[in-house]
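This is what each chain is made of:
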Amino acid sequence: MNILRNFIERIYPMLLTAIICFLLYHNRENIIVQNIYVGVFNNDFLTAVLTAASIVFGFLLTAITIIYQSETPIIVELKRAGRFQDLINFNKTAVKWTFYLVIATSIFLMTYEHA
């Protein structure tokens, strides 16, 4: 049961995102979806997303560095329990996906043309 819970916990964000993307793509001709797209995606919004994602990326890198070098009682206990590598892997995954968000937003911002 614990393995299934861990699998669902790791997969549900990607699965939910894929379902939302599919629904938006499938209903792209809908006037509501078009108005949301035009109203939300502009240069100011994309610049704000890029700024926020860059800040989060830097914060996560700093946090993982501090955690990795820390010898606080909590970190020592995590190492003793064998869960420290899980924490590091979780943070590495967050850093990786935030980096992808920064790159994708940068590309989208550079290629965005308002109709």
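Every chain's residues receive numbers from 1 upward, in the order its sequence appears when written. With pLDDT at 70 or above as the cut-off, local features in this predicted model cover only qualifying residues; side-chain atom pairs require 80 or more to be listed or tallied, and sums for whole chains, interfaces and linings still use all residues. Computation of side-chain values: all heavy atoms of the structure, hydrogens and water removed.

Another aspect to go through is the packing of helix α3 (residues 43–69) against helix α5 (residues 84–111). The axes are straight lines fitted to the C-alpha atoms, using for helices just the contacting stretch, and the angles between their N-to-C directions are given from 0 to 180°. We count a stretch as a helix when DSSP gives it H or I for four or more residues in a row; a strand needs E for two or more, and each element gets its number in order from the N terminus. As a packed pair, α3 and α5 sit with axes 9 Å apart at the nearest point and diverge in direction by 155°. Viewed along their axes, α3 and α5 adopt a mutual orientation that is roughly antiparallel. The way α3 lies across α5 gives a crossing that is left-handed. A class-by-class count of the residues in the contact of α3 with α5 yields 21 nonpolar, seven polar and one charged. Geometric relationships in this document are graded by angle, where less than 35 degrees denotes roughly parallel, more than 145 denotes roughly antiparallel, 65 to 115 denotes roughly perpendicular, and other angles denote oblique. Rotating anticlockwise by less than a right angle from the far helix to the near helix defines a left-handed crossing, while the corresponding clockwise rotation defines a right-handed one. Ten residues, namely Ala, Val, Leu, Ile, Met, Phe, Trp, Tyr, Cys and Pro, are considered nonpolar, four, namely Asp, Glu, Lys and Arg, are considered charged, and the remaining ones, Gly among them, are considered polar.

Let us now look at the packing of aromatic side chains. Think of it this way: a Phe, Tyr or Trp ring, Trp meaning its six-membered ring, pairs with another when their centres are within 6.5 Å, and the plane angle makes it stacked under 30 degrees, edge-to-face over 60, tilted otherwise. In total, this model carries four aromatic pairs according to the counting rule given. Judged by centre distance (5.6 Å) and plane angle (40°), the ring pair of Phe 57 and Phe 99 falls under tilted. Taken as a pair, Phe 57 in helix α3 and Phe 99 in helix α5 lie far apart in primary sequence, 42 residues in all. Only protein chains enter the calculation, and the probe is 1.4 Å; a residue is then buried if its accessible area is under 20% of its type maximum, exposed if over 50%, and partly exposed in between. Judged by relative accessible area, Phe 99 falls into the partly exposed class, the value being 39%. Plain terms: the ring middles of Tyr 68 and Phe 84 are 6.0 Å apart, the flat faces sit at 45° to each other, and that makes the pair tilted. Placement of Tyr 68 in helix α3 and of Phe 84 in helix α5 is noted, with a sequence separation of 16 residues between them. Put simply, the rings of Phe 57, Trp 97, Phe 99 and Tyr 100 touch in pairs and so form one group of aromatic residues. A ring is considered to have a charge above it if a Lys NZ or an Arg CZ atom is located within 6 Å of its centre and within 35 degrees of its normal. Just above the ring of Phe 84 sits the side chain of Lys 79; from NZ or CZ to the centre is 5.0 Å.

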